[in-house]
Amino acid sequence: QVQLVESGGGLVQAGGSLRLSCAASGRTFSSYTMGWFRQAPGKEREFVARISWAGGSTVYADAVKGRFTISRDAKNTAVYLQMNSLKPEDTAVYYCAATRKPFPDVTNGPGRYEYDYWGQGTQVTVSS
């Protein structure tokens, strides 16, 4: 069983930056495809970004494109979400997710329901 732990959330003013981290307890992410999702109060959980198992392919939601960057470290022990130019509408609980399927190209997936593991989430609040 893989347990994902997110960190790095907090309160930031609009225009500011935060860096979220996701680590797996007791193992590395090698061959896992990773993603970030978010859920605002009263809304459905939505896709934010995903990255292939080797890190060479990334996809972003239109709402965050150009502002957020997903990456994974060379040892595959952590996945990051660098969030710049934050807006109040980015306020949400952010979740890290992992699938055992090693997607070499994430252009067309994995979809939300293809992820095998989810973290507990970390709160991001952007004040105006």
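The structure reproduced in this document is the subject of the present report. Because the structure is predicted, anything quoted here is derived from the model rather than measured.

Section: the state of the cysteines
The tally for this structure, following the rule as stated, stands at 1 disulfide. Paired by a disulfide, Cys 22 and Cys 96 hold their sulfur atoms 2.0 Å apart. Between Cys 22 and Cys 96, the disulfide has an S-S torsion of -75° and is therefore left-handed. On the criterion of sequence distance, the pair formed by Cys 22 in strand S3 (residues 18-24) and Cys 96 in strand S9 (residues 92-99) is long-range, its members being 74 residues apart. Residues Cys 22 and Cys 96 agree in their burial class; the two are buried.

Some remarks on unusual backbone geometry
Here Gly 109 and Pro 110 are connected by a cis peptide whose omega angle stands at 10°. Phi is positive for Asn 76, which is not a glycine, with a value near 60°. Along the chain, the position of Asn 76 falls in the loop between strand S7 (68-72) and strand S8 (78-83). Within the chain, Ser 85 stands out as a residue other than glycine whose phi angle is a positive 50°. Among the structural elements, Ser 85 can be located in the loop between S8 and S9.

Cut-offs and rules
Residues numbered from 1 in each chain as written. Predicted model: local features only at pLDDT ≥ 70, side-chain atom pairs only at ≥ 80, totals over all residues. Heavy atoms only, no water. Disulfide = S-S within 2.5 Å. Helix = DSSP H or I, 4+ residues; strand = E, 2+ residues; numbered from the N terminus. Buried < 20%, exposed > 50% of the residue type's maximum accessible area, 1.4 Å probe, protein only.

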